[in-house]
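Structural description and commentary
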Amino acid sequence: MSMVHVSARVNGDAVEFLCDSRETLLDVLRDRLALTGAKEGCGTGDCGACSVIFNGRLVASCLVLGAEAEGAEIETVEGMADGEKLHPLQQKIIEHAALQCGICTPGILIAARALLAKNPDPNEKEIRYWLAGNLCRCTGYDKIIRAIQDAAAEMREEA
Amino acid sequence: MALDEGKDVKGGHDAREYDHEGEFRHVGTRPDRPDGVDKVTGRARFGADAYAPGMLHAAILRSPHAHARILKIDTSRAEALEGVKAVVTRADFASGLEGEDWNILENIMAGEKALYDGHAIAAVAATSKFIARDALELIEVEYEILPHVTDVDEAMQPGAPVIREGAAEPGVPEGMHPNVVRYHESGHGDVEAGFAEADLVIERHFTTEATHQGYIEPHACLAQMGPDGRGELWCTTQGHWNVQKLCAKLLGVEASAIRVTASEIGGGFGGKTTVFIEPVAMALARKTGRPVKLVMSREEVFRASGPTSSASMDVRIGMKKDGTMTAAEGTFRLQGGAFPYAPMEFTAMCAFACYDLKHVRQRGFDVMTNRPKQAAYRAPGSPMAAFAVESVVDELCQKLGLDPIEVRLKNAAREGTRASYGPTYPRIGLVETLEAARAHPHYCAPLGPNQGRGVSCGFWFNFGGETSVTLALSMDGTAQIAVGTPDIGGSRASMALMAAEELGIPYEDVRVTIADTASLGYNEISHGSRVTYASGLAVIKAARDAKRKLIARAADKWGIDPEAVEWRDGAAHPAGENAGDFEPLSIKEICAEMGATGGPIAGHYEATPEGAGVSFATHIVDAELDPETGKTTILRYTVVQDAGKAVHPSYVEGQFQGGAAQGIGWALNEEYIYGEDGRLQNPGFLDYRIPVASDLPMIDTVIVEVPNPGHPYGVRGVGETSICPPLAAVANAVSNAAGLRLRQLPMRPARILEALEAKADGEG
Ligand code: FES
Ligand code: FES
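The structure displayed is predicted, hence computed values, not measured ones.

So, how was this worked out
Residues numbered from 1 in each chain as written. Chains lettered and ligands numbered in written order. Predicted model: local features only at pLDDT ≥ 70, side-chain atom pairs only at ≥ 80, totals over all residues. Heavy atoms only, no water. Helix = DSSP H or I, 4+ residues; strand = E, 2+ residues; numbered from the N terminus. Rg over C-alpha atoms; globule rule 2.2 N^0.38 Å. Buried < 20%, exposed > 50% of the residue type's maximum accessible area, 1.4 Å probe, protein only. Areas by Shrake-Rupley, 256 points an atom, 1.4 Å probe, with all protein chains shown as cover. Contact = heavy atoms within 4.5 Å. Pairing = 2+ DSSP bridges. Axes fitted to C-alpha atoms, helices over the stretch in contact; angles between N-to-C directions. Parallel < 35°, antiparallel > 145°, perpendicular 65-115°, else oblique. Left-handed = near helix turned anticlockwise from the far one by under 90°. Nonpolar A, V, L, I, M, F, W, Y, C, P; charged D, E, K, R; others polar. Domains from an automatic or database assignment. Buried area = accessible area lost by both parts, 1.4 Å probe. Salt bridge = Lys/Arg side-chain N within 4 Å of Asp/Glu carboxyl O. Polar contact = N/O pair within 3.5 Å; in protein donor to acceptor, adjacent residues only side chain to side chain. Phe/Tyr/Trp six-rings, centres within 6.5 Å; stacked < 30°, edge-to-face > 60°. Core = buried A, V, L, I, M, F, W, Y, C linked by side-chain atoms within 4.5 Å.

With that settled, the discussion passes to the overall build of chain B. Along chain B, the regular secondary structure elements total 20 helices and 26 strands. Relative to the globule expectation of 27 Å for 764 residues, the C-alpha radius of gyration of chain B, 27 Å, shows essentially globular dimensions. Taken along its principal axes, the extent of the C-alpha atoms in chain B is 90 × 75 × 50 Å. When burial is assessed residue by residue, chain B has 67% of its 764 residues classed as buried. Working note: accessible area of chain B is about 25,300 Å², and carbon and sulfur atoms make up 48% of it.

For chain A, the count of helices and strands is five helices and five strands. Beginning at the N terminus, the succession of helices and strands in chain A can be written as β-β-α-β-β-β-α-α-α-α. Each of the 159 residues in chain A was classed as buried or not, and the buried ones make up 58%. When contacts within chain A are restricted to residue pairs at least 6 apart in sequence, long-range pairs at least 24 apart make up 54% of them.

Going from Leu745(B) to Pro746(B), the amide bond is cis rather than trans, its omega being -5 degrees. Although it is not a glycine, Phe269(B) sits at a positive phi angle of roughly 55 degrees.

Another point: the sheet that holds strand β13 (residues 310–319) of chain B. Residue and element names in this part refer to chain B. As summarised here, the arrangement of the five strands in space is β7-β15-β14-β13-β8, forming an open sheet in which the pairing is mixed. Looking at which strands have only one partner, the edges of the open sheet turn out to be β7 (180–188) and β8 (200–208). When strand polarity is set aside, the average angle formed by the axes of neighbouring strands in this sheet is 10 degrees. With 10 bridges joining them, β13 and strand β14 (residues 325–335) adopt antiparallel strand pairing. Bridge pairing in β14 links Gly318 to Ala327.

Here we take up helix α8 (residues 278–288) of chain B. Buried residues dominate α8(B), accounting for nine of its 11 residues. Positive phi appears at Gly289(B), one or two residues downstream of α8(B), with a value of about 70 degrees.

Residues and elements named next belong to chain B. With antiparallel pairing, the three strands of this open sheet are ordered in space as β20-β21-β22. Strands at the two margins of the open sheet, each flanked by one partner only, are β20 (565–568) and β22 (585–586). Sheet topology note: the β20/strand β21 (residues 571–574) ladder contains four bridges and is antiparallel. Its bridge partner lying in β21, Arg568 is registered against Ala571. The sheet strands contacting helix α16 (residues 531–558) are β20, β21 and β22, and the helix crosses β20 at an angle near 130 degrees.

The axes of two packed helices give the description: the angle between them and the distance between them. Residue and element names in this part refer to chain B. Running from N to C, helix α11 (residues 382–400) and helix α12 (residues 404–411) cross one another at 115 degrees; their axes reach a closest spacing of 9 Å. Viewed along their axes, α11 and α12 adopt a mutual orientation that is roughly perpendicular. In this structure, α11 meets α12 at a crossing whose hand is right-handed. The residues of α12 that touch α11, namely those facing Glu390, Val393, Asp394 and Cys397, are Pro404, Val407 and Arg408. Here the residues of the contact of α11 with α12 sort into four nonpolar, no polar and three charged.

The next thing to look at is the domain arrangement of chain B. Residues and elements named next belong to chain B. Annotation of chain B at the domain level lists domain 1 (7–30 + 464–607), domain 2 (51–146 + 228–269 + 277–289) and domain 3 (310–462 + 613–763). Using only C-alpha atoms to locate each centre, domain 2 and domain 3 end up separated by 37 Å. In this assembly, 13 residues from domain 2 lie in contact with 16 residues from domain 3. When the buried surface of domain 2 facing domain 3 is broken down by residue, Tyr116, Asp117 and Phe269 rank first, second and third, together holding 43% of it. Inspection of the domain 2/domain 3 interface yields one salt bridge. The residue Lys373 makes a salt bridge to Glu100 at a minimum N-O spacing of 2.8 Å. The residue makeup of the side of domain 2 that touches domain 3, split by class, is six nonpolar, four polar and three charged.

Turning our eyes to something else, we now look at the domain arrangement of chain A. Residue and element names in this part refer to chain A. Along its sequence, chain A is organised into domain 1 (3–78) and domain 2 (88–158). The straight-line distance from the C-alpha centre of domain 1 to that of domain 2 is 22 Å. Per-residue buried area on domain 1 facing domain 2 is highest for Cys47, Leu58 and Val77; these three make up 41% of the total on that side. Applying the counting rule to domain 1 against domain 2 returns one salt bridge. Counting across the interface, domain 1 meets domain 2 through four residue pairs in polar contact (both at pLDDT 80 or more). Examining the composition of the side of domain 1 that touches domain 2, we find that three residues originate from one element, strand β3 (residues 51–54), more than from any other. Classifying every residue of the side of domain 1 that touches domain 2 gives six nonpolar, four polar and three charged.

Quick look at the packing of aromatic side chains now. All names here are of chain B. Considering all chains together, one arrives at 19 aromatic pairs over all chains under this definition. Considering the side-chain rings of Phe302 and Tyr688, the 4.9 Å spacing of their centres and the 45 degrees angle between planes classify their relative orientation as tilted. Taken together, the residues Phe302 in helix α9 (residues 298–304) and Tyr688 in the loop between α18 (649–668) and β26 (699–704) connect sequence positions 386 residues apart. For Phe302, a relative accessible area of 0% translates into the label buried. A relative accessible area of 1% means that Tyr688 is categorised as buried. With centroids separated by 5.2 Å and ring planes inclined at 80 degrees, the aromatic side chains of Phe459 and Phe461 adopt a geometry described as edge-to-face.

Proximity of charged atoms lets side chains of opposite charge pair with each other. Residues and elements named next belong to chain B. Counted under the stated rule, the structure contains 67 salt bridges over all chains. As a salt-bridge pair, Lys588 and Asp509 come within 3.8 Å of each other at their nearest N and O atoms. With Lys588 in helix α17 (residues 587–592) and Asp509 in the loop between α15 (491–503) and β19 (510–514), this pair connects stretches of sequence that are 79 residues apart. Each of Arg33, Asp35, Lys39, Glu264, Asp487 and Arg492 takes part in salt bridges that share partners, so that together they form one network.

This paragraph deals with the environment of Ala44(B). Here Ala44(B) is to be found in the loop between α1 (36–41) and β1 (56–62). Ala44(B) sits in the buried class, given a relative accessible area of 6%. Apart from residues no more than four positions distant in its own chain, Ala44(B) is found in contact with Lys39(A), Asp38(B), Lys39(B), Asp49(B) and Glu264(B).

Time to look at the interface of chain B and chain A. Contacts between the two partners involve 54 residues from chain B and, on the opposite side, 47 residues from chain A. Surface buried jointly by chain B and chain A totals about 4,200 Å² across both partners, of which 59% is contributed by carbon and sulfur atoms. Among the residues of chain B in contact with chain A, Val40(B), Phe130(B) and Met698(B) are the three that bury the most area, contributing 18% of the side total. Counting across the chain B and chain A interface gives seven salt bridges. Of the charged contacts, one joins Asp49(B) and Lys39(A) as a salt bridge, the two residues approaching to 2.4 Å between their closest N and O atoms. Those elements giving two or more residues to the side of chain B that touches chain A turn out to be α1, α4 (129–136) and α18 of chain B. It is α18(B) that contributes the most residues to the side of chain B that touches chain A, nine residues altogether. The residue inventory of the side of chain B that touches chain A, partitioned by class, reads 27 nonpolar, 17 polar and 10 charged.

A few words now on the nonpolar core. Residue and element names in this part refer to chain B. Core analysis: the largest hydrophobic core is formed by 190 residues, its most contacted members being Leu233, Ile258, Val280, Ile317, Tyr425, Phe459 and Met747. Those residues in contact with Tyr425, other than ones at most four positions away along the chain, are Ala353, Ala413, Arg414, Glu415, Gly416, Thr417, Ala419, Phe459, Val614 and Phe616. Ranked by size, the runner-up nonpolar core spans 53 residues in total, among them Ala493, Val512, Val539 and Ala542.

This is how it looks when you write it as structure tokens:
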């Protein structure tokens, strides 16, 4: 089995790994880099639990090959908090009880941060359509929407 | 709750535990959950997040046939593949099992026959996932394909393929097909006499499809077992003691040989109450002597975990012109896959539980088909019953020109009502939910064209079960609670709130841990909406036990009787003037000296609480139908449910909203689709479409609090009832929007269009 050598940057840190050409970026993050924050809910791009930022774009990491990460900048949920200080989205998800089991939460956080970077004041509908690729089976989305709007408001004030 | 536990279901308990007086200090507040930071930072470890040195990866070979005799399995080529460390088949598991243990073994690894598409045939452990998967292709299986049946009604027909001869239990009526394995009948009164009193009797036929719990986290585990026969298992489960018990039986070892640790759990909804892959991973670990990780793919989750039953139902209800229901009768046929125990008695028992009926009768049939063994799904059996019954009630209201909430209020079960399934209700809150729904602005908001409003009630028993909790006090007066019920939806927060309430200490001073099977007495699965009720009651009782000990220490120190000491605001106080004049002793002061005053202080509870109060809900939904496409849009949704006492209201609301969302999916989109070949056609989230954010509106909630007499604070379980009303509520809304009634779920656009066309033809 021939392995591919890849150098990339994850949450600002330089990383290097060898991976099988069949391994996805999600496999690599979890199995080789011990970053298990991104979850595999489907492996087919349908649930969003594996969402990460890949060279500035929101992607399903189960649909990216590990070998494609050469030279890439990758951001995962593990890089969202600033040391001890949670990102406002993380804080608001907790405050609004916008998670029950929490398996979708890393993907939702990454997707929501990407949304707020594009649109700092999204309305309910915009959030719903943006998150349409992030399945949550527990919450019915209501509290997630509220948490994102609340975080957006706080971030606008701080900005 | 899991039916296959064979446990008694009761609703009319007379356990009197409610003893709360005065205001709550912590209970009813909304603090951040203790595990919140772990869950937003990626630190929380779920089933697939565990790794071990030297770990192997496993994969399972599954039957592509719905029904086939296994003539031969040749694993030699797979075993010869570089990197493959072991292959297991049925021969690697215990023999001589009986009853449900045998059923579970047969389900997780086929014996003589493959019984459904996806049935496990063999499993491989190898040094990488890819090698394990490649090895599956080298296993040669010779099948003799047998005729199959996947539909519940067809499986009951004469001439239908027999899934298993001799599986029927006593009590099944004479002359039924051997696929009918169990029968239930209950009720009271004389239904024919009741129907004779009615001004209008409506009888209808309904069907619902099998749906999946749809938890986002696939089943995953990491197993180890050394040559000493001692094993460790890490897995995502709703009940690790049950996993321990089942793995031990299926592997033929003692329960204590396997220590099971529950990971964080990424959703369960009943689907993680049993075992699927865990015994397989253990068998591979035993054979290789190395840690084995086994994770299901999403496709495997759909094909080979435990979806819910599909149902075929007939319901007949009689009503007087003034809305009084005179009699009700229902027949409920459920298929539970290739094994017994479809929850048909729950369907039958829940069907008319909302109503005070003089004459009522319900029958249930448990039918086997070539599908995966059903598992519990949120209030198992109840949502389909509510769909049928509440649709007929709605139709009666329409035909008699009556308001659907008034009619339900007129017939609602109350304290003292003899339930349709037997017991007499203690204090219950159905009437309160109906009154709150009627008073809600949603109920009288104006509707536009093609829009309709639907109402439905729903019922679930709730459950107690074996429960063990330990509350240990630290030297600094903080508390550490070990519970045995995995935290699926914020239960650590509820436990901490109840402990803080009892001990009079800050919420932040309580740490709640989910203990492993070696650290605590047996704990029943987190199911039956039992966690906040039963583990909550156990936490309260353990805290009271600890408090008694704290009081004894203070009494000792003061040289007075423990009866003369009372606990208030986190401190021991002399009770009244006669007790003596002492400065209060805080929990911190008492704990700081615990070593010298008698040793460590901990409180315990080990028992089986029996007073889980039944729970009722009323839902209101507005739907809009697009006559061009047949698409239904949910515009507005309100859940009103009795929580007894909401310990952490945000998480109670979350349960209400989540149940409603799942119910909407069941009503509109979700279904297991089997092809002619008996294979599941849609084993993925693309084709099995659960509601996404853009499918739903905000979901309004009203928490009604009618204390449960069986819990010290009045708590009732809330997790399951919320999925019971939505199927009918949405169907009723569609009916009111378009003047057509769908009695088959899901109400997918094509079905609605067909019904619209049929209606137009009928009118034209
Ligand atoms: S795991 Fe990547 S989208 Fe589901
Ligand atoms: S919180 Fe469980 S899937 Fe979203």
